Amino acid sequence: MGRDVSARTFTREDRQRYRERMQRCMDALGTMLVEDSFSFSRQQMGLEIELNLVDRAGRPAMANSEVLEKIDDPSFTLELGQHNLEVNVPPRELAGDETLDLERELISTLASADDKAHDAGTSIVMIGVLPTLRHEHFDRRWLSTQPRYAVLNDRILAERGEEVALNMEGAPLPGRAGERLSSYAESIMPEAACTSVQLHLQVAPDDFAAHWNAAQALAGVQVAIAANSPFLLGRALWHETRIPLFLQATDTRTQELKNQGVRPRVWFGERWITSIFDLFEENVRYFPALLPETGDEDPVDVLGAGGTPSLTELRLHNGTVWRWNRPVYDVVDGVPHLRVENRVLPAGPTVLDTMANAAFFYGAQRALTTSERPLWSQMSFQAAEENLYSGSRHGMNAQLYWPGIGWVPPDELVLRRLLPLAHEGLKDCGVSDEARERYLGVIEARCLARRTGSQWQRETVTLMEERGVNRDEALSAMLARYVELMHEGEPVHTWPVTP
């Protein structure tokens, strides 16, 4: 959804033309896969971090256009809500000390951006869901000013035909009953509450299926040990509330369609794959176009003439199917390549935590793709999906299924099985020993302490409330302390819990 679209009404003819063009895109993609037309000179990674803007009181600051102008850096872009920005890290090799260089670059870039945000009376916060969001912040007028966001909002609501329903049963705070959220929104702005980290990895076509399958198998573990989104609209909900919130905020289905088993656009998937083609084929087969806008290019003709097709319609459609691990086709300098985009992680709490989460994912993913017996041949796809939701709801307290072990807490699974694999995978990728030990050491210590960003937030608010502070004041005070510790930069498992 990164490209602009026109603010107009789409006709039946538009939809038919778009469907036909997507089939031409699929034909071209199939030919390119058979002919091995893709670039893969070395393994490259990329990173995107979605950010929140807050005012001096810690409330959402609807000022992203003004802040973006002050930052004046092309790596920053607008996101869905006016309190959101995104920073995009240029792709780089995974090997050597590149991750250490990236960490330093991110710290410098974010610090500079935050200084300039202060000129607009705002600050930048890396967090999965901003705990000070209130229902009034979900009004349509707070959509960012770029036309594509209003068009997307209107198309989702038109498909749904009714308000966005938000319903969640929370994981109880210590010694308390579980809290429940039942609310509505008249826009897709609840999606703007979901600020994430997206990890990209460029892969060769023949290796894509194994990397995607491995990413799916790891999703539940990733979110369980990195959860950072426990509060929404004043309620203590899932440890990673982003996961159900994103699904509900962009759901085009009425209750009746859900009852029929119609697939949601925020989708884990339903099977292990053998080719990237499987995923694009599912997108085209199962999901009607939200934005049926066609370009001038006929991809089959372009390919036949020796050119590289942009596959414009297929890529636009892919941007409106929000898989937790998304297939990406892209063209850089006229050369096509393929990527896996991992979307399950929340933003924050610190740059070091973010880099540790990335290193763990890349290392474990690599090791799983090179194992003699693929993990996905020993594990049902449904078990991987259940792991995602269990890890999201319960965090470190989840019970996850893993072949050869059975049901196991995520910290134990990581320490016993996945951390050694991640070390092996990063070595195989050529990552330096210094980088590998630094980042996986953070993961090990976090699992030993059993403290994620979500756990820290929940414990801090609980302690404040036990001292007589009400929920709204506790959330504001917790966020202020969170921001201080975020800037200090020490990993979240070392953060003290104080009232």
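Residues numbered from 1 in each chain as written. Predicted model: local features only at pLDDT ≥ 70, side-chain atom pairs only at ≥ 80, totals over all residues. Heavy atoms only, no water.

1. Quick look at the overall build of the protein chain
Here is step 1: Looking only at helices and strands, one finds 16 helices and 15 strands in the protein chain.
Here is step 2: In terms of overall dimensions, the protein chain is globule-like: its C-alpha atoms have a radius of gyration of 22 Å, near the 23 Å expected for 499 residues.
Here is step 3: By principal-axis analysis of the C-alpha atoms, the protein chain measures approximately 70 × 50 × 45 Å.
Here is step 4: Each of the 499 residues in the protein chain was classed as buried or not, and the buried ones make up 61%. (Helix = DSSP H or I, 4+ residues; strand = E, 2+ residues; numbered from the N terminus. Rg over C-alpha atoms; globule rule 2.2 N^0.38 Å. Buried < 20%, exposed > 50% of the residue type's maximum accessible area, 1.4 Å probe, protein only.)

2. Overview of the state of the cysteines
Here is step 1: On inspection of all chains with the given rule, the structure shows zero disulfides.
Here is step 2: Here C429 stays free of any disulfide, with the sulfur of C447 as its closest cysteine sulfur at 20 Å.
Here is step 3: A relative accessible area of 1% means that C447 is categorised as buried. (Disulfide = S-S within 2.5 Å.)

3. Describing the nonpolar core
Here is step 1: Among the nonpolar cores identified, the biggest contains 155 residues, and I49, F208, L232, F360, Y362 and Y482 are the most heavily contacted of them.
Here is step 2: It is helix α5 (residues 205–226) that provides the largest number of residues to this core, a total of twelve residues.
Here is step 3: Contact partners of Y362, with chain neighbours within four places excluded, come to M45, G46, L94, L199, H200, L201 and L426. (Core = buried A, V, L, I, M, F, W, Y, C linked by side-chain atoms within 4.5 Å. Contact = heavy atoms within 4.5 Å.)

4. What to know about the packing of helix α11 (residues 351–369) against helix α14 (residues 433–449)
Here is step 1: Across the interface, α11 lies against α14 with an axial gap of 8 Å and an inter-helix angle of 95 degrees. On the basis of the axis angle, α11 is roughly perpendicular to α14. From α11, L352, D353, M355, A356, N357, A359 and F360 reach across to α14, where they touch R438, Y439, L440, V442, I443 and R446.
Here is step 2: Here the residues of the contact of α11 with α14 are counted per class, giving nine nonpolar, one polar and three charged. (Axes fitted to C-alpha atoms, helices over the stretch in contact; angles between N-to-C directions. Parallel < 35°, antiparallel > 145°, perpendicular 65-115°, else oblique. Nonpolar A, V, L, I, M, F, W, Y, C, P; charged D, E, K, R; others polar.)

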